[in-house]
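# Structure at a glance
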Amino acid sequence: MAPRYAPSLRSRLVLTHLLSLYYLLSFAEFQDVNVMVILGFGFLGTFLVRYGYSATGFNLLVAVMATQWAVILNGIESWYYRGKIRADLRSLVVAEMCAASALISIGALLGKTNPVHLVLIALLEVSGFVLNQWLLQTLLKVPAANSIMLLHIFGAFFGLALTWILFRKGSLQPFEKEKFDHRLIGSVFLWMFWPSFNSVLVDHRSPWRKLGAVCSTYLALAVSAVTAAAVSMLSSPKGKLNPVHMQSFILAGGVAVGVSMSAVHQPWEAMTIGFTAAVLSTIVSRYLKTHMLLAFECHDTSALLSTHGLPGLLGWLAHLLLQIKACDDPTVAVRFAVFHICSLLITISLSLSMGIITGLLLKWNFWRPPQDNKCFDDQAFWEVDLNTKK
Amino acid sequence: MAPRYAPSLRSRLVLTHLLSLYYLLSFAEFQDVNVMVILGFGFLGTFLVRYGYSATGFNLLVAVMATQWAVILNGIESWYYRGKIRADLRSLVVAEMCAASALISIGALLGKTNPVHLVLIALLEVSGFVLNQWLLQTLLKVPAANSIMLLHIFGAFFGLALTWILFRKGSLQPFEKEKFDHRLIGSVFLWMFWPSFNSVLVDHRSPWRKLGAVCSTYLALAVSAVTAAAVSMLSSPKGKLNPVHMQSFILAGGVAVGVSMSAVHQPWEAMTIGFTAAVLSTIVSRYLKTHMLLAFECHDTSALLSTHGLPGLLGWLAHLLLQIKACDDPTVAVRFAVFHICSLLITISLSLSMGIITGLLLKWNFWRPPQDNKCFDDQAFWEVDLNTKK
Amino acid sequence: MAPRYAPSLRSRLVLTHLLSLYYLLSFAEFQDVNVMVILGFGFLGTFLVRYGYSATGFNLLVAVMATQWAVILNGIESWYYRGKIRADLRSLVVAEMCAASALISIGALLGKTNPVHLVLIALLEVSGFVLNQWLLQTLLKVPAANSIMLLHIFGAFFGLALTWILFRKGSLQPFEKEKFDHRLIGSVFLWMFWPSFNSVLVDHRSPWRKLGAVCSTYLALAVSAVTAAAVSMLSSPKGKLNPVHMQSFILAGGVAVGVSMSAVHQPWEAMTIGFTAAVLSTIVSRYLKTHMLLAFECHDTSALLSTHGLPGLLGWLAHLLLQIKACDDPTVAVRFAVFHICSLLITISLSLSMGIITGLLLKWNFWRPPQDNKCFDDQAFWEVDLNTKK
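None of these values were measured; they are calculated from a predicted model.

### So, the overall build of chain A
Across its full length, chain A holds 14 helices and zero strands. Put simply, 81% of the contacts in chain A that link residues at least 6 apart link residues at least 24 apart. For chain A, the exposed area adds up to about 15200 Å²; of that, 67% sits on carbon and sulfur atoms.

Here it is as structure tokens:
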């Protein structure tokens, strides 16, 4: 039985408690994004056998520096007008999502760079991403949630431009110490927390939309996992599963549905997007990976293009199609299409050019890149005594 | 200081925010069950050294397919009357719990089956489980939460019937590649999220009952962990702990108290149930395991009987006794006992018969079961290059 | 659109739901502390290669027994006056934090003790810690949240006194089986859940304070991670990172800011504390560790002094300085300083003397300590067949 209070007291009590709950919930969301950014990406990196410390440790460092940098950059406007930068949980969540775009790109460079490189990349990429967001929001009036969700596209193209510039002859053969042990646990973590990640930017005041986002993401991920496994098996000559496919492409549906989130309203839409994303990623990865290495001179350690790039583009396309379908008035539809295409063009050109600039900066020998035979080796950066390791 | 609003606005604001919070909390519960089903069972399987990919990857696949199938089956009634199937977080949570019963059974078959087998088992078992629930709810008016909690009993007996049918002569010796590395981390994950799992079906409108469920489960698990360690040590000739006992039987209390949840009201009741469950499981496992393999021809990879079966039965018994104790009127008590015994009989006979049917179907060579020397080996299903593994 | 109800019904509905939410949130907090205590410390221990079962398993056992013992001890007063001990989620959270002080100390003894030792230590330390809390609260009117947060200082000095008493000549060389494989995952888990840990004791009725605690802890941890990496690299002759530093000192900021929580109000204060803690811990550990082993005969397996002891003292100092800065009236400031210094003196002397008493008790050969060549070896306590391990 609920206790009884005098009405006036009761109202105030209710309001106070409500606020209390409201702000405590912010913490739950913050925690989920935190787990995803710090732990998900950290675990993902442990697939490099001789590079486990670096992958986990450097990921933490980069995440932390990129987040702090993003808090500062996002706060410039507020600092200009009010002389203060906000540092509350909301601004930390947004900053962590900006940091996520840097962590995506860094996946393609793990093992071929030193920590100073990684920190430089993170700072430049976050700056570029915040600039991109500002352009989209100012020029094209794209809502904040939508422009942040382009992080997959931005991160993927930035990372690809970067690897293309930093290509080394040594990448044509596998590196001496580039050994994999694909544990699926990192992916499973990301898989589980992806619904939070996609729903965190949906407006609090429309809980149904928020729960809808969680539900759509779950369905897209579920379809995506089954599809990736099936396509990987069917496209293999011996009918076997490929661990890399399972690791990356069970997430493709989550990426695609995240980018198109604000236009997805029906379960079947989410499931179709998840299905298409998984098919696309798995097939492209099966037939294009070696091709990319040789023809385009891109050594893509963590399958950036097919994990984040293509599903991101697919999500963008799905967003466009669903939005046009929902429009009654053709003028509005055309107008939306023009804006939507412009926002993609701006994002891609900015990410590619920032990636190329960053790459050229890093080519400078001043930063002492690791030699080919030190690539993918923890011992280059850590005081590890081999005898004490297993 | 809480902000002030005009009263009418205030009421509406309060209601809107409240709904918002209410639905956001659903997400927290969904996430906990999700972690438990996907991650807990996924980690549990990594104890098979040469079978880590398959255990984690196949568990994800089966969980995802079983959940989608359960959403459809649970929605048949609603589809019949309203032409629609609900796919919201609530229906996903219930579906994931149905999927859990399939994941439990599959534990007994890991390493001796191929993915097609596993998917077939999952689909058939979920169908059986949903049918069982429907029978209990229609014939005996068992509340939904209680009938779903019988998943441990259903899963265990289904799995045992299945291993009995699928017994191979090869199981009499350990398989060539059946190597264990019992990490306790998977169990520790399950141990931590068990209180969520047991409380998720308790009615939202009685928060005290819900917190009571969390608290009872925690106490039962705590007592269970200490007891399992003590009994394992005392029953060993050299006074050593057995990793399998620690891995499985620290959870026995959670299983037992989950099945009897709606009748447990006092801390001491939960603690007694946890203690008895751990003693029972540890002793049965110590003295019966080899016996079961030889006499009953059951090769039970993950100690199904003593982890889920016996604690489940114990929980059922505790529920009966506590309910009878709480009844003032002997007529009511007898009536309850009859219904309760019938519900167990239906569950066990349905699970055993579905298990036998599934087993007979899988014996068909069309499904190409793995040969004995390929059992417990990732290389049969994954494109793994041994040279790139540690 | 929110549904409409009659006003009177609406109020009652709001209150009931509100209570429901309120109590459900308690569960979220409980779960976070639970994850931190059980999983964080469990993972942390897996850095001992040949001692993984024992570290994870014994940690669970000790955590569970210490928590139950703390529930009983904390309930003595209530039992005396009302004849009942409360066992709800709130009392479990407080009890788990008491258990955390025991888990901290046990870190220094892992591998050199048997489970009976560990349980004895846990029971004695929890008793000491509860006594300390009672003294501080009764004599010096220290608020409960502040006195519990001294757990880092209590745990560190108790552990150091204990290792000093239990010092063995064998520790002068590394033990035969003391092999490390520092995975950073355990630390990353603790890093992520530290904001919950620090905010859980802040009063629910001031949500801003609670979110402030989360935010301060996050900032302190972020600064601490970057600083620990930088100092570790700069102080190394070859400019390499030390895994132990990364593992332990990214957490130093969280410890320090936790102890000074009730006086930290500005982001820059939290960041300064995090920075100082990381510098202090890393430098002390770099230059003092071997010294401590030889001169003070303390074999500190898990860098207790520099992970918990020094950051705890630093947090205590920061609390004092910030509180004095905030006082307008010098009399109040002096009064506070005297009380604050007394509370530290009581805590340190009680922890050292309890540690020494516990050590002397454990030296008794009746408890059969493991021989030097059995130290850090799972096989002493577990039925492990070497052939079945990797």
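### Thoughts on the pattern of salt bridges
All names here are of chain A. Using the criterion set out here, one finds three salt bridges over all chains in the structure. A salt bridge links E269 to K325; its shortest N-O distance comes to 3.7 Å. Here K325 lies in helix α13 (residues 304-326) and E269 lies in helix α12 (residues 267-295), a separation of 56 residues in the sequence. Accessibility expressed as a relative area gives 7% for E269, which makes it buried.

### Looking at the side chain of S105(A)
Residue and element names in this part refer to chain A. Looking at the element boundaries, S105 is found in helix α4 (residues 89-107). Among the residues examined, S105 registers a relative accessible area of 0% and is labelled buried. Within the local environment of S105, its side chain forms a polar contact with the side chain of E125, the two groups lying 2.7 Å apart. Polar side-chain contacts of S105 include one of 2.9 Å to the backbone oxygen of G155. Those residues within four positions of S105 in sequence are excluded, and the remaining contacts are E125, G155, F158, G159 and L304.

### Considering the environment of A220(A)
Residues and elements named next belong to chain A. For A220, the location among the structural elements is in helix α9 (residues 207-234). Counting along the chain gives 56 residues from A220 to W164, while the straight-line C-alpha distance between them is 31 Å. Among all residues touching A220, those that are not within four sequence positions of it are G253, V257, A270 and G274.

### Here's the deal with the confidence of the model for chain A
Residue and element names in this part refer to chain A. Of all residues in chain A, 76% have pLDDT values of 70 or greater, and the mean over the chain is 80. Below a pLDDT of 50 lies the segment residues 1-5, which in the model reaches nine contacts outside its immediate sequence neighbourhood of four places, other chains included. Here residues 386-390 is a poorly scored stretch, pLDDT under 50, and it has nine contacts once near neighbours within four places are set aside; other chains count.

### Some words on the packing of aromatic side chains
Tallied over the entire structure, the rule returns 18 aromatic pairs over all chains. Look at Y80(A) and Y81(A): their rings are 5.3 Å apart centre to centre, the planes differ by 85°, and that puts the pair in the edge-to-face class. Across the pair, exposure class does not vary: Y80(A) and Y81(A) are exposed alike. Each ring, one from W194(A) and one from F197(A), has its centre 5.8 Å from the other, and the planes form 55°; the classification is tilted. Linking W194(A) with F197(A), this pair stays in helix α8 (residues 185-199), spanning three residues, or about one helical turn. Per residue, the accessibility class of W194(A) equals that of F197(A), and both read buried. Members of the aromatic cluster, each reached through a chain of ring pairs, are F30(A), W191(C) and Y218(C).

### Quick notes on the packing of helix α4 (residues 89-106) of chain B against helix α7 (residues 151-165) of chain B
The relative placement of two packed helices is expressed as an angle between their axes plus a distance between the axes. Residues and elements named next belong to chain B. The geometry of α4 relative to α7 is characterised by a closest axis approach of 8 Å and an angle of 35° between their N-to-C directions. Between α4 and α7 the crossing geometry is right-handed. The segment α4 lies against α7, with M97, A100, S101, I104 and S105 engaging L151, H152, G155, A156, F158 and G159. Within the contact of α4 with α7, the residues separate by chemical class into six nonpolar, five polar and no charged.

### Focus on the nonpolar core
Ranked by size, the top nonpolar core spans 238 residues in total, and within it F189(A), W191(A), W191(B) and W191(C) carry the most contacts. Apart from the residues lying within four places of it in its own chain, the contact partners of W191(C) are N34(A), I38(A), L60(A), V64(A), Y218(C), L221(C), A222(C), A225(C), I250(C) and L251(C).

### A closer look at unusual backbone geometry
Residue and element names in this part refer to chain A. You will see that K141, though not glycine, has its phi angle at about 55°, which is positive. Within the secondary structure, K141 sits in the loop between α5 (115-139) and α6 (144-149). A residue is classified by how much of its surface remains accessible, and K141, at 62% relative accessible area, is exposed.

### Some words on the side chain of T217(C)
Residue and element names in this part refer to chain C. Assignment of secondary structure puts T217 in helix α9 (residues 207-234). For T217, a relative accessible area of 0% translates into the label buried. Of note is the side chain of T217, whose polar atom sits 3.3 Å from the side chain of N198. In contact with T217, not counting residues within four places along its chain, are W194, P195, N198, G254, V257 and M261.

### Points about a nonpolar patch on the surface
Residues and elements named next belong to chain B. On the surface, W69, I72, W79, Y80, Y81 and I85 cluster together into a nonpolar patch covering about 720 Å² of accessible area. Within the residue set of the nonpolar patch, elements represented by two or more residues are α2 (52-74) and α3 (76-82). Per-element tally for the nonpolar patch: the top contributor is α3, with three residues. By the secondary structure assignment, W79 is in helix α3. Its relative accessible area of 52% is what places W79 among the exposed residues.

### Quick notes on the packing of helix α5 (residues 115-139) of chain B against α7(B)
Residue and element names in this part refer to chain B. It is the contact of α5 with α7, at a shortest axis distance of 11 Å, that shows an interaxial angle of 135°. Judged by the inter-axis angle, α5 sits oblique to α7. In terms of crossing hand, the pair formed by α5 and α7 is right-handed. Here I121, E125, G128, F129 and N132 of α5 come into contact with α7, specifically with L151, F154, G155, F158 and L162. A class-by-class count of the residues in the contact of α5 with α7 yields six nonpolar, three polar and one charged.

### Remarks on α9(A)
Its 28 residues give α9(A) an end-to-end C-alpha distance of 40 Å, which sits within 8% of 40 Å, the value for a rise of 1.5 Å per residue. α9(A) sits mainly inside the fold: 21 of its 28 residues count as buried.

### Digging into the state of the cysteines
Tallied over the full model, the rule gives zero disulfides over all chains. No disulfide involves C342(A); its sulfur sits 16 Å from that of C327(A), the nearest cysteine. Free cysteine: C98(B), not disulfide-bonded; nearest cysteine sulfur from C215(A) at 16 Å. Classification of C98(B) by relative accessible area gives buried; the value is 0%.

### A word on α4(A)
Compared with an ideal rise of 1.5 Å per residue, which puts 19 residues at 27 Å, α4(A) spans 26 Å between its outermost C-alpha atoms and is within 8% of the ideal. Counting buried residues along α4(A), 18 of its 19 residues qualify, which places the element largely inside the surrounding structure.

### Focus on the environment of S78(A)
All names here are of chain A. As for its placement among the helices and strands, S78 is situated in helix α3 (residues 76-82). Taking the C-alpha atoms as reference, S78 lies 25 Å from S351; in sequence the two are 273 residues apart. When neighbours within four sequence positions are excluded, S78 is seen to be in contact with G83, K84, I85 and R86.

Rules and cut-offs
Residues numbered from 1 in each chain as written. Chains lettered and ligands numbered in written order. Predicted model: local features only at pLDDT ≥ 70, side-chain atom pairs only at ≥ 80, totals over all residues. Heavy atoms only, no water. Helix = DSSP H or I, 4+ residues; strand = E, 2+ residues; numbered from the N terminus. Contact = heavy atoms within 4.5 Å. Areas by Shrake-Rupley, 256 points an atom, 1.4 Å probe, with all protein chains shown as cover. Salt bridge = Lys/Arg side-chain N within 4 Å of Asp/Glu carboxyl O. Buried < 20%, exposed > 50% of the residue type's maximum accessible area, 1.4 Å probe, protein only. Polar contact = N/O pair within 3.5 Å; in protein donor to acceptor, adjacent residues only side chain to side chain. pLDDT = per-residue confidence, 0-100. Phe/Tyr/Trp six-rings, centres within 6.5 Å; stacked < 30°, edge-to-face > 60°. Axes fitted to C-alpha atoms, helices over the stretch in contact; angles between N-to-C directions. Left-handed = near helix turned anticlockwise from the far one by under 90°. Nonpolar A, V, L, I, M, F, W, Y, C, P; charged D, E, K, R; others polar. Core = buried A, V, L, I, M, F, W, Y, C linked by side-chain atoms within 4.5 Å. Patch = residues over 30% accessible without salt bridge, like charges linked within 9 Å, V, L, I, M, F, W, Y side chains within 5 Å. Parallel < 35°, antiparallel > 145°, perpendicular 65-115°, else oblique. Expected span 1.5 Å × (residues − 1). Disulfide = S-S within 2.5 Å.

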